[in-house]
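Architecture and fold: a report
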Amino acid sequence: MSYSLQISLRAFGFDESLRNLTRTEGRAFKIICRSQSSDGSPKSAEKESENGFEAPWHVILVERYSNGAAKRYIVDDEIRVQTFSEEHSSTTNKSQASHFSVPKITWLPVIVKDFILPAGFPGSVSEDYLDYMLLQFPTNVTAWICHTLVTSSLLKAVGVGSFSGATAAASAAAISYLIVFQMGVERWNWSDWAVTHWSGGRFGNLFDDDPKQWRMYADFIGSTGSIFDLTTQLYPAYFLPLASLGNLAKAVARGLKDPSFRVIQNHFAVSGNLGDVAAKEEVWDVAAQMLGLALGITVLSTGVMTSYPVLASTWMGVRLLHLWLRYKSLSILRFDTINLKRARILVKSHVLHSTIPGCRDCNREENILSWERFLKPRISFGVSLEKMVSGETSIARVKDLLKLYGNEKYILVVIQQKQADFEVLVSFKVGATSLSVLRSVWQACWLHENWRWSDNVFNQLVKSKSQLEDRFEDFIQQLKGAGWDTTHINLKIPKEPYFEDWSHVDQSHDC
């Protein structure tokens, strides 16, 4: 349905080029607000013959609103400014909204969107933000259902529900409060603090490399802690050691969960709005906590506490659902930075097919659960030079090896064992960078894909080095073209050992 608003005002005149602005006495322009036509485009000026409007139009500016609506301010050749209001249902806006996943929440009122989503959404966050949060919510709900079941098991282990009468129940509740809460505050929280800080201090550099893996491992370890808590109901005499082990496992899980999730939050905050992203995550988490506790109490009211096998099987079913949801939510994250796992995928694709997968495809192919040491080819970084040349009996061959890598910040050799035990050793020079690690990974993958056990080892190293020099620049250019962030490569250099450049070695030494 269209509407028209005409206002006659004394105004300035515009020439056709809109370059000069002059005062025109006795003339006026009309501001006309029109709705969008049914076909998704503003009504043509030629169709408004009663108003005398004729093409062409000159778009001055477009105002866009958070609900997807837009206003176009247009001046025609008769010096009249026309304002067109485009509703959110327009074809253009639909296409743009679909790109940012907005249609998934179009039914929500604006006030609710502002409450649960960061300001400027969707442009202020990464494209995978909403998909992750929509999976994160049921994940947290199932986590709190499990927490309710585990807590009920702990309370029953210390006597709540084991006696008849109000006095016995009150006494048991008081005992459980003293044991579970007071001891937890005074003793277990100290152990939480110690374990959390130890894990953060010892493994802090791992979270930036692979936050998805460590966030998943945190849930596995936390599940182990809950198993200890559930066992207290079977062995109430060993309540303290079992509950302590459960709390210790959960403390380790928190030490892995918090820093890895901070990395994920930082990934979402593409506009530097980390605080806003973290605050909105708390809103989602509190809502999930309330719903999870309510559902957990509902489950307990069905009488699952009367039978331990029923309680344990219920907890196991909900926990498996929780782990599956966690895995799905982490799998949809699309990092544009290059860690060692993604580097292997990218390099292998380039070595075999001379192409680079995009961020979405590479992150989908990345195995969240796998350890680096179990990936093929096996690459050992930071190996001592002595170990690398231990098999070389010829001094000339050792010098040839050093000369081969004279312009690199690393030295790479292959251990000749059985074909299934193909292993690459890499040692770094002083001044090595993440790019040096990436170059060594490319060469290692090329050797693994083209290795011939019957050929001379050194000759194959020379050939791989030649391939690296010829094709690595194309590899980097394809990375940039595919949207990868080549300025932040998360490939860590081992702390030690390093060795100095060997270019000063006396080349006249007699072999």
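Everything numeric here is computed off the predicted structure, so don't read it as measured data. (Residues numbered from 1 in each chain as written. Predicted model: local features only at pLDDT ≥ 70, side-chain atom pairs only at ≥ 80, totals over all residues. Heavy atoms only, no water.)

**Observations regarding the overall build of the chain**
Counting its regular elements, the chain contains 14 helices and 10 strands. Across the 511 residues in the chain, those meeting the buried criterion constitute 43%. Contacts in the chain between residues far apart in sequence, at least 24 positions, make up 70% of those at least 6 positions apart. For the chain, the exposed area adds up to about 27,100 Å²; of that, 58% sits on carbon and sulfur atoms. (Helix = DSSP H or I, 4+ residues; strand = E, 2+ residues; numbered from the N terminus. Buried < 20%, exposed > 50% of the residue type's maximum accessible area, 1.4 Å probe, protein only. Contact = heavy atoms within 4.5 Å. Areas by Shrake-Rupley, 256 points an atom, 1.4 Å probe, with all protein chains shown as cover.)

**Observations concerning the environment of S226**
Within the secondary structure, S226 sits in helix α5 (residues 211–231). Overall, the relative accessible area of 8% leaves S226 in the buried class. In sequence terms S226 and N247 are 21 residues apart; their C-alpha atoms lie 8.4 Å from each other. For S226, the contacting residues outside a window of four places in its chain are V150, K250 and W315.

**Concerning a nonpolar patch on the surface**
Residues F220, Y327 and L369 make up a contiguous nonpolar surface patch of about 230 Å² in total accessible area. If you trace the backbone, Y327 turns up in helix α8 (residues 308–331). (Patch = residues over 30% accessible without salt bridge, like charges linked within 9 Å, V, L, I, M, F, W, Y side chains within 5 Å. Salt bridge = Lys/Arg side-chain N within 4 Å of Asp/Glu carboxyl O.)

**A look at the side chain of T139**
On the secondary structure map, T139 appears in helix α3 (residues 129–157). By relative accessible area, which is 0% here, T139 ends up buried. Among residues more than four places away in sequence, those in contact with T139 are H322, L325 and R326.

**A word on the nonpolar core**
By size, the foremost hydrophobic cluster in this structure holds 51 residues, and its most contacted members are L412, L438, F475 and L479. Elements with a contribution of two residues or more to this core: α9 (340–353), α10 (359–365), α11 (385–388), α12 (395–404), β8 (410–415), β9 (423–429), α13 (434–450) and α14 (457–481). Apart from residues lying up to four places away in sequence, F475 is in contact with L346, V347, H350, I356, L438 and W442. Counting 22 residues, the second-largest nonpolar core is a separate cluster that includes F121, Y132, A269 and W284. (Core = buried A, V, L, I, M, F, W, Y, C linked by side-chain atoms within 4.5 Å.)

**Thoughts on unusual backbone geometry**
Following F121, the chain continues into P122 via a peptide bond in cis, with omega recorded as 10 degrees. Its place among the elements puts P122 in the loop between α2 (110–116) and α3. The phi torsion at S354 lies on the positive side, around 60 degrees, for a residue other than glycine. Locating S354 in the fold gives a position in the loop between α9 and α10.

**Examining the pattern of salt bridges**
Taken as a whole and judged by the stated rule, the model has 13 salt bridges. Here D219 makes a salt bridge to R326, at a shortest N to O gap of 2.8 Å. Residue D219 is found in helix α5, and its partner R326 is found in helix α8; the two are separated by 107 residues along the sequence. For the pair D219 and R326, one class covers both residues: buried. Where D361 meets R364, a salt bridge forms, and the shortest distance between an N and an O atom there is 3.0 Å. In this pair, D361 and R364 are both assigned in helix α10, three residues apart and thus about one turn of the helix distant.

**Quick notes on the confidence of the model for the chain**
Model confidence for the chain is summarised by a mean pLDDT of 77, while 68% of its residues fall at 70 or above. Counting contacts from residues 507–511, a segment whose pLDDT is below 50, to residues more than four positions away or on other chains yields five contacts. (pLDDT = per-residue confidence, 0-100.)

**Focus on the packing of α12 against α14**
One way to put it is that α12 packs onto α14 with a least axis distance of 11 Å and a crossing angle of 10 degrees. What the angle tells us is that α12 and α14 run roughly parallel. Each of R397, D400, L401 and L404 in α12 lies in contact with α14, whose residues at this interface are F458, L461, V462 and K465. Among the residues forming the contact of α12 with α14, the class breakdown is five nonpolar, no polar and three charged. (Axes fitted to C-alpha atoms, helices over the stretch in contact; angles between N-to-C directions. Parallel < 35°, antiparallel > 145°, perpendicular 65-115°, else oblique. Nonpolar A, V, L, I, M, F, W, Y, C, P; charged D, E, K, R; others polar.)

**Structural notes on the packing of aromatic side chains**
The full count for this structure, using the stated rule, is 13 aromatic pairs. The interplanar angle of 50 degrees and the centroid separation of 5.6 Å between the aromatic rings of Y405 and Y410 together place this pair among those described as tilted. Of the two residues, Y405 and Y410, both sit in the buried class. Aromatic rings pair up to connect F207, W214, Y217, F220 and W371 into one cluster. Here the basic side chain of R439 rests over the ring of F472, its NZ or CZ set 4.8 Å away from the ring centre. (Phe/Tyr/Trp six-rings, centres within 6.5 Å; stacked < 30°, edge-to-face > 60°. Lys NZ or Arg CZ within 6 Å of the ring centre and 35° of its normal.)

**Points about the packing of helix α6 (residues 239–268) against helix α7 (residues 274–300)**
The N-to-C vectors of α6 and α7 enclose an angle of 120 degrees; their axes lie 9 Å apart at closest approach. The orientation of α6 relative to α7 falls into the category oblique. At the point where α6 passes α7, the crossing takes the right-handed sense. Every residue of α7 that contacts α6 at F261, Q265, N266 and F268 is listed here: L274, V277, A278 and E281. Here the contact of α6 with α7 is built from residues that sort into five nonpolar, two polar and one charged. (Left-handed = near helix turned anticlockwise from the far one by under 90°.)

**Concerning the pairing of β9**
Judged by how many residues are buried, β9 sits mostly within the fold: seven of seven residues are covered. The alternating pattern of β9 places E423, L425, S427 and K429 on one face and V424, V426 and F428 on the opposite face, and all of these are buried. Note that strand β7 (residues 378–381) and β9 share four bridges and pair parallel. Counterpart to F381 in the pairing with β9 is V426. Sheet topology note: the β8/β9 ladder contains six bridges and is antiparallel. The residue of β9 that forms the bridge with I415 is E423. Alignment of β9 against strand β10 (residues 498–499), held across two bridges, turns out to be parallel. Paired with F428 across the bridge in β10 is Y498. (Pairing = 2+ DSSP bridges.)

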